[in-house]
Amino acid sequence: MTDMHLNHIAIIVSAEEGVDFYKSLGFAETTRFVRERDTVVFLKNADGITLELFVDAAHPARLSYPEAKGLRHVCFSVPDLDAAMQSVPCEPARTDFFGHRFTFTKDPDGQPVEFCEIIS
């Protein structure tokens, strides 16, 4: 399978506040399905990244330490890290292995979200 592309990222959030968080990062709601057990909200940003958010307060809280195996964080490339850091509370900026500036924030349920400044 060599012709593979990322289709979407699925994240469980406990309340509508989680949907609002991702909207504050520039994602727009495209579709919403209300089911008996949860609500599924699809969001897309200008670069075509699709998030599938499952809104359901019944899921257990995310472990923070020790971290469970599996998805560790989601990272979004941004052209201006300082501007991105103004949209939500973030940790101080650092430099990664490749010399890019980056920072972390968390969504309302504690899911780590990284912003990495990629300058073309």
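All values reported here derive from a predicted model rather than from experimental measurement.

## A short note on the sheet that holds strand β3 (residues 39-44)
Working step 1: The sheet built from four strands is open, its strands ordered β1-β4-β3-β2 with mixed pairing. Since the sheet does not close on itself, it has two edges, and those belong to β1 (9-13) and β2 (28-34), each with one partner. Pairwise comparison of adjacent strand axes, ignoring direction, gives a mean angle of 20° for this sheet.
Working step 2: As judged from the five bridges shared by β1 and strand β4 (residues 50-55), these two strands associate in the parallel manner. Among the inter-strand pairings, I9 is bridged to a residue of β4, identified as L51.
Working step 3: On the sheet, helix α1 (residues 16-24) packs against β1, β2, β3 and β4 and is oriented at approximately 165° with respect to β4.

## Some words on the nonpolar core
Working step 1: Residues I11, Y22, L43, L51, L53, F76 and F115 are the most contacted members of the largest nonpolar core, which totals 20 residues.
Working step 2: For this core, the secondary-structure elements that each account for two or more residues are β1, α1, β3, β4, β5 (74-78), α2 (81-87) and β8 (112-117).
Working step 3: With sequence-adjacent residues up to four places away left out, L43 is seen in contact with V19, Y22, K23, F27, A28, E29, T30, I49, T50, L51 and L53.

## Re the environment of H100
Working step 1: You can see H100 is positioned in the loop between β6 (94-95) and β7 (101-106).
Working step 2: Judged by relative accessible area, H100 falls into the partly exposed class, the value being 27%.
Working step 3: Remark: the alpha-carbon pair of H100 and G70, spanning 30 residues in sequence, is separated by 24 Å.
Working step 4: The residues contacting H100, other than those within four sequence positions of it, are R94, T95, C116, E117 and I118.

Calculation criteria
- Residues numbered from 1 in each chain as written.
- Predicted model: local features only at pLDDT ≥ 70, side-chain atom pairs only at ≥ 80, totals over all residues.
- Heavy atoms only, no water.
- Pairing = 2+ DSSP bridges.
- Helix = DSSP H or I, 4+ residues; strand = E, 2+ residues; numbered from the N terminus.
- Axes fitted to C-alpha atoms, helices over the stretch in contact; angles between N-to-C directions.
- Contact = heavy atoms within 4.5 Å.
- Core = buried A, V, L, I, M, F, W, Y, C linked by side-chain atoms within 4.5 Å.
- Buried < 20%, exposed > 50% of the residue type's maximum accessible area, 1.4 Å probe, protein only.

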